[in-house]
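# Survey of secondary and tertiary structure
Chain residues, written in single-letter form:
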Amino acid sequence: MTRWRLDVAYDGSGFRGFAVNIGIRSVAGELNAALGRMCGHDVTVTCAGRTDAGVHARGQVVHFDTDKEGLEAARLMRSLNRMLGPEIAVTDAQIVPTTFDARFSATWRRYRYSVVTSVWVDPQVARFVWHREGELDPSPMATAAQAFVGHHDFSTFCRRTPPAPGQVERSRVRNLHEFDVRCDGPHRLDFWVLASSFCHHQVRSMVGTLVQVGEGRRNVDSVARALESLDRQQCGPVAPAEGLTLWQAGYG
């Protein structure tokens, strides 16, 4: 068997997330089907980070195994992009050692969350931002965001998923390396978050809470207190999915 790595970008608007679900259109389902047609056998991709419904990716990484001989990277990319475009784009393809795992070999993931605060939003970017009218103060948001940096239990900001029968509940302790709030023009804010991994709804929950700080509805110190409380009720609203993009996964 040969293991391939694919770098993938996608517009998540038309998908119910990355993971395969029977009867539901997903990114993995489309990739598996296209690769299966090319390879002549069932294929299952493994990804660096499973995105939720409506969430996008610029730098998703997947791997798959095949016994098909004679595959070439350029031909593989060209064929996949013809079958999957324009919603899904394969931006790179390469053979990797069988020890490489798109999920477990990844040492960090970077997400970008974008908010537009003007009266109108450019239709060409509207699918990839949270459009909420009304200015936000970036300075207290940037200060409050630093409470998230470090090794913490993010129970306040993670959706609790019941464990499978016989399994223990998954830890919500994560190591968050960076959280930057940047202005990209007069009416756009980008939240850049880098961590070893994330739990369900974590980035969107943190952004929704910080937006309340930018609105003046909660103070800077309340974010650190909410984090320490481990109480989901102390979290702000979960920001909409469309503003979130998996930007990059790192290996090494």
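Just so it is clear, the model here is predicted, and its values are computed rather than measured.

The rules behind the values
- Residues numbered from 1 in each chain as written.
- Predicted model: local features only at pLDDT ≥ 70, side-chain atom pairs only at ≥ 80, totals over all residues.
- Heavy atoms only, no water.
- Helix = DSSP H or I, 4+ residues; strand = E, 2+ residues; numbered from the N terminus.
- Polar contact = N/O pair within 3.5 Å; in protein donor to acceptor, adjacent residues only side chain to side chain.
- Contact = heavy atoms within 4.5 Å.
- Buried < 20%, exposed > 50% of the residue type's maximum accessible area, 1.4 Å probe, protein only.
- Arc of directions from axis to C-beta.
- Disulfide = S-S within 2.5 Å.

## Focus: the side chain of histidine 56
Along the chain, histidine 56 falls in strand β3 (residues 56-66). Here the side chain of histidine 56 touches aspartate 11 through a polar contact of 3.5 Å, side chain to side chain. The residues contacting histidine 56, other than those within four sequence positions of it, are Tyr10, Asp11, Gly12, Ser13, Thr51, Arg127, Phe128, Glu242, Leu244, Thr245 and Leu246.

## Regarding helix α3 (residues 138-145)
Listing the buried residues of α3 in full gives Pro140, Met141, Ala144 and Ala145. One face of α3 carries all of its buried residues, which in axial projection span an arc of 135°. Buried-residue contacts for α3 involve β8 (173-183), β9 (188-195), α4 (202-215) and α5 (220-229). Between the side-chain oxygen at the start of α3 and the backbone nitrogen of serine 139 there is a gap of 3.2 Å, and the oxygen is on aspartate 137.

## So, the environment of methionine 206
Inspection of the secondary structure assignment puts methionine 206 in helix α4. Placed 31 residues apart in sequence, methionine 206 and proline 237 show a C-alpha to C-alpha distance of 8.8 Å. Aside from chain neighbours lying at most four places away, what touches methionine 206 is Phe148, Phe154, Phe157, Leu176, Phe179 and Val193.

## Quick word on unusual backbone geometry
Residues glycine 85 and proline 86 are joined by a peptide bond in cis, for which omega reads 0°. Relative to the assigned elements, proline 86 resides in the loop between α2 (73-84) and β4 (88-96). Of note, histidine 201 is a non-glycine position whose phi angle comes to about 70°, a positive value. In this structure, histidine 201 sits in the loop between β9 and α4. By relative accessible area, which is 17% here, histidine 201 ends up buried. Not every positive phi belongs to a glycine, and leucine 230 is a case in point at roughly 60°.

## Some words on the state of the cysteines
The full count for this structure, using the stated rule, is 1 disulfide. The partner cysteine of cysteine 158 in its disulfide is cysteine 199, sulfur to sulfur 1.7 Å. Linking cysteine 158 in the loop between β7 (150-153) and β8 with cysteine 199 in the loop between β9 and α4, this pair joins segments that are 41 residues apart in sequence. For cysteine 158, a relative accessible area of 0% translates into the label buried.

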